[in-house]
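The chain contents come next:
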Amino acid sequence: MTAVFTDPEEAVAGIADGSTVLIGGFGMAGMPVQLIDALIRQGATDLTVVSNNAGNGDTGLAALLAAGRVRKMICSFPRQSDSWVFDGLYRAGKIELEVVPQGTLAERMRAAGAGIGAFYCPTAVGTPLAEGKETRTIDGRDYVLEYPIKGDVALIGAHVGDRMGNLVYRKTARNFGPVMATAAALTIAQVHHVVETGELDPETVVTPCIYVDRILDLSAAEGSL
Amino acid sequence: MSSTVEHLDRGPLGRDELAALVARDIPPGSFVNLGIGQPTTVADHLPAGSGVVLHTENGMLGMGPAAHGDEIDPDLINAGKIPVTELPGASYFHHADSFAMMRGGHLDVCVLGAFQVSERGDLANWHTGAPDAIPAVGGAMDLATGAKQVFVMMTLFTKDGTPKLVPECTYPLTGLACVSRVYTDLAVFHIGPGGVTVAETYGTSVAGLASRLEVAVRPLGQQP
């Protein structure tokens, strides 16, 4: 049963120290900024964060990093023009980094959500990112064995949710949200507004409610922030 | 087979001319991913009615030109995080699907920049290997491995004159034997099982290139 919250603090309650947290978004599109801000206030630390980037500017994920809460980043593209927070921590040796090709990052989470034990992937064969990994030739092509990435928690941004937890997204803000929603034990989605059950066309639902545990309704929460 | 065209009566290609040349060689109706940076400019040279559908790895087919003014929508960006527009027939999908269509061999062409390309088509374009560099791969390896054809756009030489088309890449690899064509300011190269052939030259000749490269290059149609 999905719970709908209007208070960001309640939406992120109970996230434990040492958790692996999947954070959606590509750049700022789909970035669950209000949930991340609430997680900073909630105080969980020693986190492993899985996200495509490692923070932009000084807000959102960058603020979580700046607060010293993240032990390890798993991402495809940490280095950006505005990733100074991560860059500083990395160069000071204060954060671990695992770089994963972007599609492999998505597929490892898809595998976690789909009950796949591991998969052979052609990406990164012969490159430094395949070093130390098991490889296999199948039908004349070489593959690298990749393992799932499972989250304790996923924080994602969607466009609209209903009271059961069904989600729809908007344009390229969809990005990692649907995959991360399947891959975590506890999935928390922030949405721009919540509609009554039955108001979303079932044919357009992208993330079915079975994957969603908590929803933060930003339309109700914004006044309280 | 057509023969090599040597344009000796002009200088090297400018950046816009190079983008136009790549656009010319993209078959009508192709599904294409243009990498971040210079490859993005190829879109400006695709002829109207080409039917080329642009893919952006953050989850869209049917990407339109960059958005300006009121068109800017923070939920609609390309892989370089630049606001873009959508064209009629566009579709959105999540990241695992976006890379499945890439890895699954459904994309016809991707165009990427490069630090180095080897004579076997190995690509190095994600990491300089410098000890203080923060590694960041993004979708480069997935694109190199997944697209049916990988076109590279780059200058043929670094600013200090070192060739970027090389016998073996010295930079960390992005993908093995994945590049089929290399578009440079001085020449267009085709890479295949028989080695490197020169399709066109600009401001130089095949012989002129051969004297500056450690890679064996030959005109189109000549057996290795």
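Residues numbered from 1 in each chain as written. Chains lettered and ligands numbered in written order. Predicted model: local features only at pLDDT ≥ 70, side-chain atom pairs only at ≥ 80, totals over all residues. Heavy atoms only, no water.

Residues and elements named next belong to chain A. Strand order in the open sheet formed by three strands is S6-S8-S7, with antiparallel pairing between adjacent strands. Among the strands making up the open sheet, the edge pair consists of strand S6 (119–121) and strand S7 (135–138). Neighbour to neighbour, the strand axes of the sheet diverge by 45° on average, direction disregarded. As paired elements, S6 and strand S8 (residues 141–146) share three bridges and run antiparallel to each other. The residue bridging cysteine 121 from the neighbouring strand is valine 144, located in S8. The strands that helix H5 (residues 102–114) touches are S6 and S8; relative to S6, the one it contacts most, it runs at about 165°. (Pairing = 2+ DSSP bridges. Helix = DSSP H or I, 4+ residues; strand = E, 2+ residues; numbered from the N terminus. Axes fitted to C-alpha atoms, helices over the stretch in contact; angles between N-to-C directions. Contact = heavy atoms within 4.5 Å.)

In this assembly, 35 residues from chain B lie in contact with 42 residues from chain A. Taken together, both faces of the contact between chain B and chain A bury some 3300 Å²; the carbon and sulfur share is 62%. Counting every contact that joins chain B to chain A gives three salt bridges. A salt bridge links arginine 170 of chain A to aspartate 73 of chain B; the nearest nitrogen and oxygen atoms lie 2.4 Å apart. The tally of links between chain B and chain A comes to 19 residue pairs in polar contact (both at pLDDT 80 or more). For the side of chain B that touches chain A, the secondary-structure elements that each account for two or more residues are strand S5 (84–92), helix H2 (95–103) and helix H3 (140–146) of chain B. Top element by residues in the side of chain B that touches chain A is H2 of chain B. It accounts for four residues. Here the residues of the side of chain B that touches chain A sort into 18 nonpolar, nine polar and eight charged. (Buried area = accessible area lost by both parts, 1.4 Å probe. Salt bridge = Lys/Arg side-chain N within 4 Å of Asp/Glu carboxyl O. Polar contact = N/O pair within 3.5 Å; in protein donor to acceptor, adjacent residues only side chain to side chain. Nonpolar A, V, L, I, M, F, W, Y, C, P; charged D, E, K, R; others polar.)

Honestly, that's just the spatial picture; any functional story needs more than this.
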